[in-house]
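Understanding the architecture of this molecule
Spelled out, the chains give:
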Number of protein chains: 2
Amino acid sequence: MPGLPKAPMTGQSRSRPVPEVPREGLKVRMEDVARAANVSRATVSRVLVGYPPVSPQTREQVFKAVRELGYVPNAMAQGLSKRKSDLVGLLLRDPRNPAYGQLHSLVQEAVSNHGLELITAVPHWQEGAEDELAALRRMLGLRVGGLLVSTGVIKAVDLEPFLDSVPVVSVGRVEEHPRIHGVSYDEDVHGATLANRVASAGHRSVAVLVPSARVSTAENRRGSSMAVHLEGRGITVHRIVSDAFGRPEAGIGRILELAREGAATAAMFPNDNRAMIFLRAAKAVGLDAPGDISVTGCDGIIPGLDLIGLTTLRIPVERVAQRGVEVLEGLMGARAGTEVRHEKFAGEFVPGTTLGPVA
Amino acid sequence: MPGLPKAPMTGQSRSRPVPEVPREGLKVRMEDVARAANVSRATVSRVLVGYPPVSPQTREQVFKAVRELGYVPNAMAQGLSKRKSDLVGLLLRDPRNPAYGQLHSLVQEAVSNHGLELITAVPHWQEGAEDELAALRRMLGLRVGGLLVSTGVIKAVDLEPFLDSVPVVSVGRVEEHPRIHGVSYDEDVHGATLANRVASAGHRSVAVLVPSARVSTAENRRGSSMAVHLEGRGITVHRIVSDAFGRPEAGIGRILELAREGAATAAMFPNDNRAMIFLRAAKAVGLDAPGDISVTGCDGIIPGLDLIGLTTLRIPVERVAQRGVEVLEGLMGARAGTEVRHEKFAGEFVPGTTLGPVA
DNA sequence: CTGAAAGCGCTTACAG
DNA sequence: CTGAAAGCGCTTACAG
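Describing unusual backbone geometry
Keep in mind that most residues, glycine aside, have a negative phi and that most peptide bonds are trans. Residues and elements named next belong to chain A. A cis amide bond, omega 5°, links A289 with the succeeding residue P290. For P290, the location among the structural elements is in the loop between α11 (272–284) and β9 (294–296). The phi angle at R143 is positive, at roughly 55°, despite the residue not being glycine. Position of R143 among the secondary structure elements: in the loop between α6 (134–141) and β3 (146–149). A relative accessible area of 13% places R143 in the buried class.

Section: the protein's contact with DNA strand C
Taken together, 28 residues lie around DNA strand C, and R46(A), R83(A), R41(B), S45(B) and S81(B) are the ones closest in. Atoms of DNA strand C within 4 Å of the protein: sugar and phosphate make up 64%, bases the balance. A distance of 2.8 Å is found between a phosphate oxygen of DNA strand C and a side-chain nitrogen or oxygen belonging to Y71(B). Mapped by element, the contributors of at least two residues to the surface near DNA strand C are α2 (41–49) and α4 (75–82) of chain A together with α2 (41–49) and α4 (75–82) of chain B. With 5 residues, α2(B) is the single largest residue contributor to the surface near DNA strand C. Class assignment for the residues of the surface near DNA strand C results in 10 nonpolar, 9 polar and 9 charged.

Structural notes on the domain arrangement of chain A
Segmentation of chain A into domains returns domain 1 (25–73), domain 2 (87–186 + 318–346) and domain 3 (187–315). Using only C-alpha atoms to locate each centre, domain 1 of chain A and domain 2 of chain A end up separated by 36 Å.

Focus on the pairing of strand β11 (residues 342–345) of chain B
The side chains of a regular strand alternate, first on one face of the sheet and then on the other. Residues and elements named next belong to chain B. Burial along β11 is one-sided: the residues E343 and F345 are buried and none of H342 and K344 is. In terms of strand pairing, strand β5 (residues 181–185) meets β11 through 4 bridges, oriented parallel. Residue Y185 lies in a different strand from β11, and its bridge partner there is F345.

Quick word on the protein's contact with DNA strand D
Lining the immediate environment of DNA strand D, one finds 29 residues, of which R41(A), S45(A), S81(A), R46(B) and R83(B) sit closest. One of the side-chain nitrogen or oxygen atoms of R41(A) is found 2.5 Å away from a base nitrogen of DNA strand D. The side chain of Q78(A) places a nitrogen or oxygen atom 3.3 Å from a phosphate oxygen of DNA strand D. Mapped by element, the contributors of at least two residues to the surface near DNA strand D are α2 and α4 of chain A together with α2 and α4 of chain B. Top contributing element to the surface near DNA strand D by residue count: α2(A), with 5 residues. Grouping the constituent residues of the surface near DNA strand D by class yields 11 nonpolar, 9 polar and 9 charged.

How each quantity is defined
Residues numbered from 1 in each chain as written. Chains lettered and ligands numbered in written order. Predicted model: local features only at pLDDT ≥ 70, side-chain atom pairs only at ≥ 80, totals over all residues. Heavy atoms only, no water. Helix = DSSP H or I, 4+ residues; strand = E, 2+ residues; numbered from the N terminus. Buried < 20%, exposed > 50% of the residue type's maximum accessible area, 1.4 Å probe, protein only. Near = heavy atom within 4 Å. Polar contact = N/O pair within 3.5 Å; in protein donor to acceptor, adjacent residues only side chain to side chain. Nonpolar A, V, L, I, M, F, W, Y, C, P; charged D, E, K, R; others polar. Domains from an automatic or database assignment. Pairing = 2+ DSSP bridges.

See below:
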């Protein structure tokens, strides 16, 4: 509206009542620093941002004031103003599971190396399905610059509405959505690798625990792959299907029976936890591994696994975490949408001692 | 300034150029919702906050608009405006360590149960000591409503300048600062408990690995306590002091020698990881536990520990995590400063099989 | 090289 | 019960 005279300001910085009490701790704001350094807020900001250049003189005064006042910039104000934050969100399945703990740790590291801040949340789905996605919404609320999803609780469809606003990379989980980048484990290869080892050991009748996809997509993939590859080599497979969410001991009893009847000489599990539960149960009923039955797991993350001797496969968490962050970072820096890719990494077989020749 | 006429506004909501392109995803703001619902921003805010009451009619319109537009409130703006955030910061030592992973998990849970948001950071101290405290500063920058500190990297003095601005509770670490609340493990009792078991098993000459306080205050406490209590019962103690940061295998060799010489019939370690390293090394040189030497650890967190059989003590992570969050929450709600307390919890002995009578 | 001002998206007295 | 306005603490064109 040209022609309309601007209203005169009553004082400097509007009519904000300037409190003369010196602020301290987290209460000191940029304005306090500016005053102490005898410059404007804009200048303080420039010094802190590092650009555009400020005269060395003023720079020093500002730094001095920052130091003396112990100024810590308010990241919320920064984010709001810049319309973006350095926050990267990680949606984790369960930090109690060492495989996820490891992932978290590595992601944490990779993210800080990129000068970003990681925030972690764990979506539950126990509680009233009402806000099953509360964790997701909270992260989006914070306007994270990127999102790393590693839990099956969050479905691809839940993310769809936001795919244009925030880059999403799913890590360590089976991802097939055409618009979500994925960096995960090659569960087919994992299953095949383990199956081939069991087959090579001479087993002709094997029990395989296969959780339903509803329980865990990854475990389902692994288990199915094991079964398929065993069958491909003409081996008799006893598929023990488990649809019991949160009950890793499901199906163990049945496998124990098969072992005792001699109907199976080996038992394959889709993760170490289940394998350990079986080992425990077997020991309890006097069955020896691999004496009476061979046992294999999958994950290979738990410290001390070598002392247990479990034959397993170590998933490549390091590579997945690192690559996941790398991809996300690329997306966060990218102007336009990049081509969506689904990358998979395979881990390495861990011999152990619970896989032996046919008893 | 009474008498000074207010400058007339040129349009609604200042002269903000109203973009007519419908925003989507995370781009939709409260104003868009307001327009869609035919109300003011203030009203939308009230509906969302839940207070003060808004007519049921309008409420519904607003909720409808929120739903249809997929509105996710910007938490940074909320925080800035409310001068506080729901964020709780957790400074973690190393998520790779199952004991910390467990703590993280439990804190995560407790925090969400309180309707708060957890953000986690891991301060390194490998890198140039320059921004050793970068993680702390980033959290303070986000103006977290409270801080949970569980790593020794952050010293009490580093926190001092902010103690007035943000409630701090240290969890699971030895804390003695008079102004910082502490909820931790009773390492003295832990050491005593284990020492008494070893003594009761009849050992008269025991090797104890004691890391220096610089390496780990907690482990130092445990180890010292073990040694002291053994000595109190007239037992000969071989203190193996380790000052090697990040090298948990330090001192193991020496203990192996003592075992072989028969100079020690039991070896006590300040955590399970070190005990497992010893177990591995012992096995490698043909020493059996407890046949040739008894072994105890401390932590009891690793899954599958029972399969290894390590005699240890399970630290009460659950109680510490829960109580830590509880205390923090109390502080966050409190108007004035509460009395500072240092609470300690002791765990439970885990018999295992690596502690036996004197060989 | 530096400052005054507008704007980021909310909340919350202040007035009806 | 509802709206207009100020303010939270920054950043960043816009003008010198």
